[in-house]
Amino acid sequence: MATIVGFSSTNVMSYALNNDPEFHSKFNAVKGSKNSSLLFSCICLGSRVSNHFQLRSSNGQPLNVVSSHDGLAGSSLTHQPIEGSFPLAGSESTGSNLSITVVGASGDLAKKKIFPALFALYYEDWLPENFVVFGYARTKMTDEELRNMISRTLTCRIDKRENCEDKMDQFLKRCFYHSGLYDSEDHFSDLDCKLREKEGGKLSNRLFYLSIPPNIFVDVVRCASLKASSKNGWTRVIVEKPFGRDFESSSNLTRCLKQYLKEDQIFRIDHYLGKELVENLSVLRFSNLVFMPLWSRDYIRSVQLIFSEDFGTEGRGGYFDNYGIIRDIMQNHLLQILALFAMETPVSLDAEDIRNEKVKVLRSMRPLQLEDVVIGQYKGHSKGSKSYPAYTDDPTVPNGSLTPTFAAAALFINNARWDGVPFLMKAGKALHTKRAEIRVQFRHVPGNLYKRNFGTDLDKATNELVLRVQPDEAIYLKINNKVPGLGMRLDRSDLNLLYRARYPREIPDAYERLLLDSIEGERRLFIRSDELDAAWALFTPLLKEIENKKIAPELYPYGSRGPVGAHYLAAKHNVRWGDLSTDE
Ligand SMILES: NC(=O)C1=CN([C@@H]2O[C@H](COP(=O)(O)OP(=O)(O)OC[C@H]3O[C@@H](n4cnc5c(N)ncnc54)[C@H](OP(=O)(O)O)[C@@H]3O)[C@@H](O)[C@H]2O)C=CC1
Ligand SMILES: O=C1O[C@H](COP(=O)(O)O)[C@@H](O)[C@H](O)[C@H]1O
């Protein structure tokens, strides 16, 4: 019972019985037993009941349990569910292991996001008792050097508890390094030996995080699956974007990965799905009656999905030039948000039910055409004594590159709910601000009694719901309100849910949520291959046309609001960008 903190066993039992089908069947199987208190301890431990337990059960899958529906492809990945096995978390002698290998451990993403997220999970007791983290890359490093490298980016971000330094030391002691080539089966065999040594012959689940350039994904998956997959637990692989450059290369990548892995072993990450406000989108939609009837073409005039960064491609120009902003942000992050925004109510919160609905939205969309899109590229700009570089000043960007660093697009969903509603997307680097938001502009009030008070510009009086994904997470609704006083003057006000005021605690990084989900086997926030196909089908013809016709992007100054063409695009659809209005 050691892991039950702050809850009575009755609470624990009733929660688990209600929410965890696996617990339910195990409980039924053992409840007739003589030693019921011991059995209860086992069940609770097996379900990793901790002080967080009531928050985490979305897949009903306790940590450390081998998922029964984890298919494994290829002889090397033969999955052997252990009949009647009942792994106990929190028990050194009997608990299963979790081995996480970060492939590309010497890289930017690993240092910036993955190791810090793993530490945050450890710090907050989300990781199972027995876990190790291996870094894998070509760079020669000792375990100690890896620890030094990652300790520089670990922070006690949650509440700066006193024991943070100790926790950091304990975490770092669980981190090891193995240097090897990405296409060497021998080097992955060596990794396997090291993993087995740490796992000590116990039931072991293995997670590989591919934090490497995409051209080596397949090599790594081949070597890892053939030589370093778990022999008695699950093996899962998190794959970073980009998943291909177009429909064909993405399908090819999926086909190659599936030679070694089954679909449910592949966790294609889109870190925007792990952001708090994006997670909350479905809660807002499906648990608030007030929004439900409004969520359609009857009341919504346009939906805007906006991403902007106030810095350029500094340092990542080499990668970026091969992809451009449409592939980097629109085809994945913004389109995923759009699908969640527009989908019908799923049958349940189960990953497949949600992904089924998302894929229906994507397949109902009209493939983008050139006239639906404006592209831009930032140019150098001086402000006072400071000067900002052009995209093409980056030494890793080819001279005369036409790669867009900005794009605005109008997308349409040809279904009964959304017919005719423009979904406007805008994404850009080196703009005046850093933000990501979803803006829902409602229709004008028919026969508005107060129209005199608004003058001729009725757009100024339309309601707008804004979900500010970052920074400074918030949900606010713009309404018209009477200014207090004897006269009848109206103004625009916000009903404002500012997260930092309402929830004064730090919000977990998206990578924490997604790593935890992949460990728990929760696929809801990962991209299924048919979603990926549908997403590429929408964008591929457009991308080919832009590239074949060598369409020149409209130049915009670094730090500006982007090309004017974006305003014309919105105007063509009778709307304005909400983020550019005076009372944004
Ligand atoms: N950085 C970010 O913010 C984001 C990154 N991503 C994606 O995550 C993945 C990793 O990103 P990031 O860490 O920035 O990438 P890096 O370019 O830093 O590469 C990671 C590691 O891979 C190895 N590597 C780099 N280039 C090659 C090559 N051509 N051939 C073989 N090995 C190579 C290097 O390790 P070594 O030389 O030691 O083997 C490097 O440390 C990429 O797929 C990227 O697109 C996604 C979202 C954001
Ligand atoms: O995937 C990517 O995302 C980042 C932006 O992520 P954020 O969480 O910091 O908003 C972007 O800079 C990068 O170009 C892109 O590849």
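The structure this text deals with has already been given above.
Let me begin by describing the structure that accompanies this report. A quick note: this is a predicted structure, and the numbers were derived from the prediction, not measured.

## Looking at the overall build of the protein
Consideration 1: Looking only at helices and strands, the protein features 18 helices and 18 strands.
Consideration 2: Per-residue burial for the protein yields a buried fraction of 55% across its 584 residues.
Consideration 3: Considering only contacts in the protein between residues 6 or more positions apart, those separated by 24 or more positions represent 78%.
Consideration 4: Accessible area for the protein stands at about 25400 Å²; split by element, carbon and sulfur atoms hold 52% of it.

## Focus on the site of ligand 2
Consideration 1: The immediate surroundings of ligand 2 are formed by K241, H271, Y272, K275, E309, R316, D328, H333, K429, K434 and Q470.
Consideration 2: R316 has a polar side-chain atom sitting 3.2 Å from an oxygen atom of ligand 2.
Consideration 3: For ligand 2, the protein covers 82% of the area, taking 390 Å² as the surface of the free molecule.
Consideration 4: Across the shell around ligand 2, the residue classes tally to one nonpolar, three polar and seven charged.

## Observations concerning the packing of aromatic side chains
Consideration 1: As enumerated under the stated definition, the model contains 23 aromatic pairs in all.
Consideration 2: Pairing Y122 with F131 gives two aromatic rings, centres 5.4 Å apart and planes at 55°, and the pair type is tilted. Per residue, the accessibility class of Y122 equals that of F131, and both read buried.
Consideration 3: Centre to centre, the rings of Y136 and Y182 are 6.2 Å apart; their planes meet at 55°, and the pair counts as tilted. Taken together, the residues span a long stretch of sequence, with Y136 in strand β2 (residues 131–137) and Y182 in the loop between β3 (175–179) and α7 (185–199) at a distance of 46 residues.

## Some thoughts on the sheet that holds strand β17 (residues 526–527)
Consideration 1: With mixed pairing, seven strands are arranged side by side in an open sheet as β3-β2-β1-β4-β5-β6-β17. At either margin of the open sheet sits one strand with a lone partner, and together these are β3 and β17.
Consideration 2: Two strands pair when backbone bridges link them, and strand β1 (residues 97–103) and β2 are joined in this way by six bridges, in the parallel orientation. Of the residues in β2, the one forming a bridge with T101 is F134.
Consideration 3: Running at roughly 35° to β3, helix α6 (residues 164–173) makes contact with β2 and β3 of the sheet.

## Some points on the site of ligand 1
Consideration 1: Near ligand 1, the surroundings consist of 19 residues, among which S106, L109, T139, Y182 and I212 are the closest.
Consideration 2: At 2.8 Å, a backbone N or O of L109 approaches an oxygen atom of ligand 1.
Consideration 3: Measuring from an oxygen atom of ligand 1, one finds a backbone N or O atom of R138 at 2.8 Å.
Consideration 4: Across the complex, the protein chains shield 76% of the 870 Å² of accessible surface that ligand 1 would expose by itself.
Consideration 5: Residue contributions to the shell around ligand 1 peak at three residues, all from helix α4 (residues 108–123).
Consideration 6: Taken together, the residues that form the shell around ligand 1 break down as eight nonpolar, five polar and six charged.

## Brief notes about helix α5 (residues 143–151)
Consideration 1: Taken residue by residue, α5 has L146, R147, M149 and I150 as its buried positions. Seen from one end, α5 has its buried residues packed into an arc of 165°, which puts them on one side.
Consideration 2: Those residues of α5 that are buried are in contact with α4, β2, α6 and β3.

## Observations regarding the pattern of salt bridges
Consideration 1: In this structure the tally under the stated criterion is 35 salt bridges.
Consideration 2: The salt bridge involving E276 is made with R513; its shortest N-O contact spans 2.5 Å. Here the residue E276 occupies a position in helix α10 (residues 276–286), and R513 occupies one in helix α16 (residues 510–520), the gap between them amounting to 237 residues.
Consideration 3: Across the pair R435 and E437 runs a salt bridge, and its minimum N-O distance is 3.0 Å.
Consideration 4: Take E437: its relative accessible area is 2%, and that puts it in the buried class.

## What to know about the environment of W234
Consideration 1: Here W234 is to be found in the loop between α8 (217–227) and β5 (235–239).
Consideration 2: On the basis of relative accessible area, W234 is assigned to the buried category, the value being 2%.
Consideration 3: When the C-alpha atoms of W234 and N205 are compared, they prove to be 4.8 Å apart, with 29 residues separating the residues in sequence.

## A look at the packing of α4 against α16
A pair of packed helices is captured by two measures, namely the crossing angle of their axes and the spacing between those axes.
Consideration 1: At a minimum axis separation of 8 Å, α4 and α16 run at an interaxial angle of 65°. Along this stretch, α4 crosses α16, giving a crossing that reads as right-handed. Taking contact as the criterion, the partners of L109, K113, I114, A117, L118, A120 and L121 in α4 are, on α16, Y511, E512, L515 and L516.
Consideration 2: Residue classes in the contact of α4 with α16 are distributed as nine nonpolar, no polar and two charged.

## Considerations on a nonpolar patch on the surface
Consideration 1: Taken together, the side chains of L449, Y450 and M488 present a nonpolar region at the surface, about 350 Å² in accessible area.
Consideration 2: Relative to the helices and strands, M488 is located in the loop between β15 (474–482) and β16 (490–498).
Consideration 3: Of the residues examined, M488 reaches a relative accessible area of 45% and is grouped as partly exposed.

## So, the environment of K360
Consideration 1: Along the chain, the position of K360 falls in helix α13 (residues 351–363).
Consideration 2: A residue is classified by how much of its surface remains accessible, and K360, at 47% relative accessible area, is partly exposed.
Consideration 3: In this structure, the C-alpha to C-alpha distance between K360 and D192, residues 168 residues apart in sequence, is 41 Å.

## Points about the nonpolar core
Consideration 1: Within the largest apolar cluster, 151 residues are counted, with the highest numbers of intra-cluster contacts made by F171, I326, F341, F423 and F539.
Consideration 2: Looking at which element gives the most residues to this core, the answer is helix α12 (residues 324–342), with twelve residues.
Consideration 3: Apart from the residues lying within four places of it in its own chain, the contact partners of F171 are F115, L118, F119, Y122, F131, V133 and L154.

So, how was this worked out
Just so you know, the residues in each chain are numbered from 1, in the order the chain's sequence is written. Note on labels: chains are lettered from A, ligands numbered from 1, in written order. In keeping with the predicted nature of the model, local features appear solely for residues at pLDDT of at least 70, side-chain atom pairs appear and are counted solely at 80 or more, and the whole-chain, interface and lining totals rest on all residues. Side-chain numbers here rest on the full set of heavy atoms in the structure, without hydrogens or water. Secondary structure counts use DSSP, requiring at least four H or I residues in a row for a helix and at least two E residues in a row for a strand, with both numbered from the N terminus. Residue burial is assigned from relative accessible area. The probe radius is 1.4 Å, only protein chains are included, and a residue is buried under 20% of its type maximum, exposed over 50%, and partly exposed in between. Note on contacts: a residue pair qualifies if any of its non-hydrogen atoms lie within 4.5 Å across the two residues. All accessibility values rest on the Shrake-Rupley procedure with a 1.4 Å probe; residue burial counts only the protein chains present in the view. Whether a residue is near a molecule or strand is decided by its heavy atoms; if any one of them lies within 4 Å of it, the residue is near. Residues adjacent in sequence count toward polar contacts only when both atoms are side-chain atoms; beyond that, a polar contact is any pair of N or O atoms within 3.5 Å, and within protein one must be able to donate a hydrogen and the other to accept it. Under the scheme applied here, ten amino acids are nonpolar (Ala, Val, Leu, Ile, Met, Phe, Trp, Tyr, Cys and Pro), four are charged (Asp, Glu, Lys and Arg), and all others, including Gly, are polar. Whether two aromatic rings pair depends on their centres lying within 6.5 Å, for rings of Phe, Tyr and Trp, where Trp uses its six-membered ring; planes under 30 degrees apart make the pair stacked, over 60 edge-to-face, and the rest tilted. Should DSSP find at least two bridges between two strands, the strands are taken to pair. For helices, the fitted line uses only the C-alpha atoms of the stretch in contact; every axis is such a line through C-alpha atoms, and the angle between N-to-C directions lies from 0 to 180 degrees. Throughout, the arc means the angular range of directions from the helix axis out to the C-beta atoms. For salt bridges, the criterion is a side-chain nitrogen of Lys or Arg within 4 Å of an Asp or Glu carboxyl oxygen. Left-handed describes a crossing whose near helix is turned anticlockwise from the far helix by less than a right angle; the clockwise case is right-handed. Note that patches include only residues with greater than 30% relative accessible area and no salt bridge, and the join distances are 9 Å for like charges and 5 Å for nonpolar side chains (Val, Leu, Ile, Met, Phe, Trp, Tyr). Among the buried residues, those of types Ala, Val, Leu, Ile, Met, Phe, Trp, Tyr and Cys that are joined through side-chain atoms within 4.5 Å form a nonpolar core.

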